[in-house]
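An overview of the molecular structure
Each chain, letter by letter, is given below.
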Amino acid sequence: MRTSRTTLRRALLGFGVLLIASTSVQVSAVISHGMFDRLGPLGVSGLRFAIAAALAAAVIRPRPTGRTRAEWLALLAYGTSIAAMNVCFHVALEFVPLGVAITVEFLGPFLLAALGVRRLRLVVFPLLGLGGVGLIARPTPEVNPIGLIAAGVAGVSLAAYTLLAERIGRTTPPDRPRSNPLHDLAIAVIVAAVLTAPFGIAALPSVETGDLAPLTAAAVLGVLIAFGCDMLAVRLTSARTVAVLFSFDPALAAIIGMLLLGQLLDPLTIAGIVLVCVAGAATIHLASAAPRPAADG
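Just so it is clear, the model here is predicted, and its values are computed rather than measured.

About the criteria used
Residues numbered from 1 in each chain as written. Predicted model: local features only at pLDDT ≥ 70, side-chain atom pairs only at ≥ 80, totals over all residues. Heavy atoms only, no water. Helix = DSSP H or I, 4+ residues; strand = E, 2+ residues; numbered from the N terminus. Contact = heavy atoms within 4.5 Å. Areas by Shrake-Rupley, 256 points an atom, 1.4 Å probe, with all protein chains shown as cover. Phe/Tyr/Trp six-rings, centres within 6.5 Å; stacked < 30°, edge-to-face > 60°. Buried < 20%, exposed > 50% of the residue type's maximum accessible area, 1.4 Å probe, protein only. Polar contact = N/O pair within 3.5 Å; in protein donor to acceptor, adjacent residues only side chain to side chain. Core = buried A, V, L, I, M, F, W, Y, C linked by side-chain atoms within 4.5 Å. pLDDT = per-residue confidence, 0-100. Expected span 1.5 Å × (residues − 1). Bend = angle between axes of the 7 residues up to and from the residue.

Looking at the overall build of the protein
Secondary structure assignment for the protein yields 11 helices and 0 strands. Reading the helices (α) and strands (β) of the protein from amino to carboxyl end gives α-α-α-α-α-α-α-α-α-α-α. Put simply, 90% of the contacts in the protein that link residues at least 6 apart link residues at least 24 apart. For the protein, the exposed surface amounts to about 14,900 Å²; the carbon and sulfur share of it is 69%.

In structure tokens, the structure reads:
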């Protein structure tokens, strides 16, 4: 009884932490969106990462020494996926509503999970999600193909981010304690800042004094708090639980987009988002819960 209560408590806490992460990402997107006209989505992304990297280096103080080549390669790939995901997501926001961008981005981990579905009758859920995508991506004045493509690339990056987040822990040699996960995150953010630095430098001449506060808020919310909470949620629950909860991000994004950006979606688009949420949660849960084949010997 005590164990079940502890598990429930950790699950609820994990859900709360992940809700903070999702809300932080989307509020950060709203803040960033307000600076796109002057700084551009790429410029905002580069400046945001620069600030996040500076804060991470000052507060977390990651140790660059004592890592193997495999660990460094994993961290470099991790930082690259974070940079690509954020840059493409910001580009998508310039062309499509927040709820649509988040939904298409979620297709990355959704399709990754769909590949793990082995039973034919369970294919109904990926097909249901595909129907939802069809409703979202149909030609409308609010949906620009450039935005859909950018959000799709962000989705591929999100899938890579998910896989790399699990791999980083496995690259540590068994005879050495695992490094502090916050140090790994800080190094990945610094890598992302280096990769996006050209965009930030190009936008610097257009930066005004009043931009510092919203850029810092976007960096803290959308990078440090969001990725830190994702990491904590995985430790409190499991990667599978976190992945299932990610499927509700599109619905949350549609609500935030409506309340903070005035982005009203038509009924068919809303229906598509709901279909993707339900199909994504079911697919990830079933794919993760499916028994793995026994190893030979």
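Digging into the packing of aromatic side chains
Counted under the stated rule, the structure contains 2 aromatic pairs. Taking 5.4 Å as the distance between ring centres and 10 degrees as the angle between the ring planes, the aromatic pair formed by Tyr78 and Tyr161 counts as stacked. With Tyr78 in helix α3 (residues 69-93) and Tyr161 in helix α6 (residues 145-170), the pair connects residues that are 83 residues apart, well separated along the chain. Across the pair, exposure class does not vary: Tyr78 and Tyr161 are buried alike. Ring centres 5.4 Å apart and planes at 55 degrees place the aromatic pair Tyr161 and Phe227 in the tilted group. With Tyr161 in helix α6 and Phe227 in helix α8 (residues 212-236), the pair connects residues that are 66 residues apart, well separated along the chain. For Tyr161, a relative accessible area of 6% puts it in the buried group. Take Phe227: its relative accessible area is 5%, and that puts it in the buried class.

As for the side chain of Thr196
With respect to the element layout, Thr196 can be found in helix α7 (residues 181-203). A polar side-chain atom of Thr196 sits 2.9 Å from the main-chain carbonyl oxygen of Ala192.

Some remarks on the side chain of Ser81
Along the chain, Ser81 falls in helix α3. Apart from residues lying up to four places away in sequence, Ser81 is in contact with Ser157, Ala160, Tyr161 and Leu164.

Quick notes on unusual backbone geometry
Even without glycine at this site, Arg61 takes up a positive phi of about 55 degrees. Along the chain, the position of Arg61 falls in the loop between α2 (36-59) and α3.

So, the nonpolar core
Tyr78, Ile82, Phe89 and Leu98 are the most contacted members of the largest nonpolar core, which has 68 residues in total. If one sorts the elements of this core by residue count, α3 sits on top with 10 residues. Leave out the neighbours within four places in its chain, and Tyr78 touches Tyr161, Leu164, Ala165, Ile168, Leu185 and Ala188.

Notes on the confidence of the model for the protein
For the protein, the average pLDDT comes to 81, and 80% of its residues sit at 70 or higher. Looking at the elements of the protein, mean pLDDT is at its lowest for helix α9 (residues 239-246), recorded as 65, and at its highest for α2, recorded as 95. Under a pLDDT of 50 for its full length, residues 292-297 has, in the predicted model, 0 contacts with residues more than four places off or in other chains.

Section: α2
Its 24 residues place the ends of α2 only 28 Å apart at the C-alpha level, less than the 34 Å of an ideal helix rising 1.5 Å per residue. Remark: the principal bend of α2, roughly 70 degrees, maps to Gly43. Count one or two residues on from α2 and you reach Arg61, which has phi positive near 55 degrees.

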